[in-house]
Amino acid sequence: MDKTINQKAWFLVLPVFLVVAFSAILPLMTVVNYSMQDTFGNNQFFWNGVGWFKELLDPSTDLGERFLASLWRNLFFSAVILAIEVPLGIVVALSMPRDGWTVAACLVILALPLLIPWNVVGTIWQIFGRPDIGLLGYVLNNLGINYNYVSNDFDAWATIIVMDVWHWTSLVALLCYAGLKSIPDAYYQAAQIDGASRWAVFTAIQLPKMNRVLLIAVLLRFMDSFMIYTEPFVVTGGGPGNSTTFISIELVKIALGQFDLGKAAALSLVYNLIIIIVCWVFYTVMTNAGAERPAKQGVA
Amino acid sequence: MARIDLVDLAHSYGGNDAPPESFALKPVTMTWRQGGAYALLGPSGCGKTTLLNLISGIVTPSRGKILFDGKDITPLSTQKRNIAQVFQFPVIYDTMTVGQNLAFPLKNRNVPKAEIDKRVAEIAGLLDLAPYVDRKATRLTADAKQKISLGRGLVRADVAAILFDEPLTVIDPELKWQLRSKLKALHRALDLTMIYVTHDQTEALTFADTVVVMHDGRVVQSGTPAELFDRPAHTFVGYFIGSPGMNIVPAEVRGREARIDGHTIALNRNYDGLPPAAKIEIGVRPEFVDVAPPGSGLLSAQIERIDDLGRVRFARVRVGDVKFAARVPAGFSVPDNTAGLVFDPSHVHVYADSLLVEGK
């Protein structure tokens, strides 16, 4: 087929190009530009080369120390909530009814936390955990447990983790439930005939059939928890001290609190890069796990 | 290995209090011989899968009992019945190799490892799966997967019967023949009771010694393929088995004569004393009606078209308002519009309210 050359077609692409340029390319390039410079306000900039990136990766500097500390906090937080939410989500999905009106009821109840805006979730738990007026804090303290998320590191972490589990386990459970629903009855019947125990049914049928949705669930939860900002900001504000200061909170402090645009730009680029790399790793794992090699003919 | 008896077995998905006519399986009493090859044949929705699931225990009957070798196993769970079942779509444990799939039922029953390995190797050999034992089962073709499902039943030495629920649905046509001959060979080699559910009469007639025809939740006839062909006990059997199916025509029957459209056909037996209120029909297979030149003494029919099946030709004709199929004898040139029909009296059956009447 001959290709028609029509220069007017460029005009049709132009609007998209402009939108993408203004919404993505220009802001990103601005950040790249900032990351190479230093500013003392007054819109005066000084060239700094890769200085900020060097500092960022050097734990002996202030910036590097703050970045690495918050990076570990982020990784630890993601690991903990994945370790809790994935198994818990599977258990919830397995114990949900398979049919009848109770299915709809369960789905609505599960979906409720997902519909609440992040800062509202933060506010709910901020008040819920207060020892003076919050139900949780008040009850715990009256039971003789000294609970105070404002002054105790462990209490602050526990509150944020429980809050995240409360907010997001539903997502894992809903995805797993969808995966479970797609298993044909014949599998369960065959397993009965093969004399499989409940555990064998889980490991031989349910878990393998859920692996695609589980990968999606892990991916979504990792990304979301790695980018978490609003809830810990509302509940603990990053405290006590810096104990719950995640990368995003650190970033906002540097960019808007200190107005160190260069440092903040370098940090946000590295932050972005980490997320893209992890996305890529997950994507590769998922596509490889899902790709079945074509079956060989003539196996009869 | 066992004889299976069904005693007054019935099932309704709407519970025991549902009206009798709505039962998916109406009360049935029958015996499945040890070592028999049975086919359960019937159209979709006739209750054949329900009957199969009752035997395997996936469904608990609303009424009646199931006996294995005289022992009542109705309350036993599927796990405790020694039944194997192959489903319409291959069921494969995705993460396991072919060998692990075959070993799964034995592992679940805590059979010693040496014994498992021996049985798996034996069954893999029997099913021509030996070269694939260490391969992931998900990578195989549908027919190999069905063999694995079957193999999971065969590995258990104590299995009483193997049930097949339309197992060839997803198999390519040329492989269907291979797999079906494999099943027949296994049946001869292993002396197992096999029950094969299908809606395909060719599959049923080639696989089974005994074909059980079901219609609307009832077993209407059970017999050898020849019996079903020669003496259908119900008009449904006549119509469902054979291609084209049996001609069923309303008629007046008196003594040794049947009258259709004012014309008299001789019968081989005496049918005096038919129930007066019943709907009387005669049934005759197209193979036993010949087309002839119109003549006096022959039932005359309007020819609509000729189906040439290669080996035989069938004329589609019309007698009054009734459609009829009749054989065209070899070398006979068919007249344009009107023909006479010649009946073979020994193959003309009389049905009262759809049930075969034995003449005297």
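Residues numbered from 1 in each chain as written. Chains lettered and ligands numbered in written order. Predicted model: local features only at pLDDT ≥ 70, side-chain atom pairs only at ≥ 80, totals over all residues.

Undergrad: Looking at this structure, how should I read the overall build of chain B?
TA: Helix and strand content of chain B: 8 helices and 22 strands. In terms of overall dimensions, chain B has C-alpha extents of about 80 × 50 × 30 Å along its principal axes. For chain B, the residues scored as buried account for 44% of the 360 residues in total. Here the contacts in chain B between residues at least 6 apart in sequence split such that 67% fall between residues at least 24 apart. (Helix = DSSP H or I, 4+ residues; strand = E, 2+ residues; numbered from the N terminus. Buried ≥ 20, exposed ≤ 12 C-beta atoms within 10 Å, placed from the backbone. Contact = placed C-beta atoms within 7 Å.)

Undergrad: Explain the interface of chain B and chain A here, please?
TA: For interface size, the figure often reported is the accessible area lost on association. The interface of chain B with chain A comprises 28 residues on the first partner and 21 residues on the second. Elements that contribute at least two residues to the side of chain B that touches chain A include exactly β6 (83-86), α2 (98-108), α4 (142-154) and α5 (173-190) of chain B. With 4 residues, the single largest contributor to the side of chain B that touches chain A is α4 of chain B.

Undergrad: What is the right way to look at the packing of helix α7 (residues 153-181) of chain A against helix α9 (residues 198-226) of chain A in this model?
TA: A pair of packed helices can be characterised by two numbers: the angle between their axes and the separation between those axes. Residues and elements named next belong to chain A. Axis separation between α7 and α9 bottoms out at 8 Å; the angle between their running directions is 150°. When the axis of α7 is compared with that of α9, the two are roughly antiparallel. Our pair here, α7 against α9, has a crossing hand that is right-handed. Residues Asp164, Trp168, Leu171, Val172, Leu175, Cys176, Ala178, Gly179 and Leu180 of α7 lie in contact with α9, whose contacting residues are Gln206, Lys209, Met210, Arg212, Val213, Leu214, Ile216, Ala217, Leu220, Arg221 and Ser225. When grouped by side-chain class, the residues that make up the contact of α7 with α9 number 13 nonpolar, 3 polar and 4 charged. (Axes fitted to C-alpha atoms, helices over the stretch in contact; angles between N-to-C directions. Parallel < 35°, antiparallel > 145°, perpendicular 65-115°, else oblique. Left-handed = near helix turned anticlockwise from the far one by under 90°. Nonpolar A, V, L, I, M, F, W, Y, C, P; charged D, E, K, R; others polar.)

Undergrad: I'm lost on the domain arrangement of chain B in this one. Help?
TA: All names here are of chain B. On domain assignment, one finds that chain B holds domain 1 (4-238) and domain 2 (243-357). Averaged C-alpha coordinates put domain 1 and domain 2 at centres separated by 38 Å. With 7 residues of domain 1 at the interface, the matching set in domain 2 holds 10 residues. Along the lines of polarity and charge, the residues of the side of domain 1 that touches domain 2 split into 3 nonpolar, 3 polar and 1 charged. (Domains from an automatic or database assignment.)

Undergrad: Any chance you could explain the sheet that holds strand β13 (residues 257-260) of chain B here in plain terms?
TA: Sheet strands pair by backbone hydrogen bonding; their relative direction is either parallel or antiparallel. Residues and elements named next belong to chain B. Pairing is antiparallel across the open sheet formed by 3 strands, whose spatial order is β12-β13-β14. In this open sheet, the two edge strands, each paired with only one partner strand, are β12 (252-254) and β14 (263-266). The sheet shows a mean angle of 25° between the axes of neighbouring strands, direction not considered. Sheet topology places β12 next to β13; 3 bridges connect them, and they run antiparallel. Of the residues in β13, the one forming a bridge with arginine 254 is glutamate 257. (Pairing = 2+ DSSP bridges.)

Undergrad: Sorry, what's going on with the pairing of strand β8 (residues 193-198) of chain B here?
TA: As a general feature of sheets, a regular strand has side chains that alternate between the two faces. Residue and element names in this part refer to chain B. Counting buried positions along β8 gives 6 out of 6 residues, so the element sits mostly inside the fold. Side chains of β8 alternate between two faces, with Thr193, Ile195 and Val197 and Met194, Tyr196 and Thr198 buried alike. When strand β3 (residues 37-41) meets β8, the two strands line up parallel, connected through 5 bridges. For alanine 37, the partnering residue across the bridge sits in β8 and is methionine 194. Bridge count for strand β7 (residues 161-165) against β8 is 5 bridges, and the pairing is parallel. Across the sheet, the residue bridging to alanine 161 is threonine 193, located in β8. Each parallel crossover has a hand, and the one from β7 via α5 to β8 is right-handed. (Right-handed = clockwise from strand over helix to strand, strands pointing away.)

Undergrad: Sorry, what's going on with the confidence of the model for chain A here?
TA: In low-pLDDT segments, the atomic positions of the prediction should not be examined closely. Residue and element names in this part refer to chain A. Chain-level statistics for chain A give a pLDDT mean of 86 and a share of 95% at 70 or above. Of all the helices and strands in chain A, strand β2 (residues 45-47) carries the lowest mean pLDDT, 80, while α7 carries the highest, 92. Every residue in residues 292-300 scores below 50 in pLDDT, and together they form 15 contacts with partners more than four places removed in sequence or on other chains. (pLDDT = per-residue confidence, 0-100.)

Undergrad: I would appreciate a short explanation of the pairing of β14 of chain B in the present structure.
TA: All names here are of chain B. Examined bridge by bridge, β13 and β14 share 4 bridges and lie antiparallel to one another. Following the sheet pairing, alanine 258 is matched in β14 by isoleucine 265. Hairpin connection from β13 to β14: 2 residues lie between these consecutive antiparallel strands, with aspartate 261 at a positive phi of about 55°.

Undergrad: What exactly am I supposed to notice about the nonpolar core here?
TA: Residues and elements named next belong to chain B. Membership of the largest hydrophobic core comes to 85 residues, with the highest contact counts inside it found for Ala39, Leu40, Ala161, Ile195 and Tyr196. If near-sequence neighbours (up to four positions away) are discounted, alanine 161 is found in contact with Ala2, Ile4, Ile83, Leu192, Thr193, Met194 and Ile195. Membership of the second largest hydrophobic core comes to 29 residues, among which are Ile260, Leu299, Ala301 and Val328. (Core = buried A, V, L, I, M, F, W, Y, C linked by C-beta atoms within 7 Å.)

Undergrad: How should the sheet that holds strand β15 (residues 280-284) of chain B be read in this particular structure?
TA: Residue and element names in this part refer to chain B. The sheet built from 4 strands is open, its strands ordered β11-β15-β21-β22 with antiparallel pairing. Every interior strand has two partners, whereas the edge strands, β11 (247-250) and β22 (355-357), have only one. Neighbour to neighbour, the strand axes of the sheet diverge by 40° on average, direction disregarded. Of the strand pairs in this sheet, β15 and strand β21 (residues 348-352) are connected by 5 bridges, and their pairing is antiparallel. Within β21, the residue paired with valine 284 across the bridge is valine 348.

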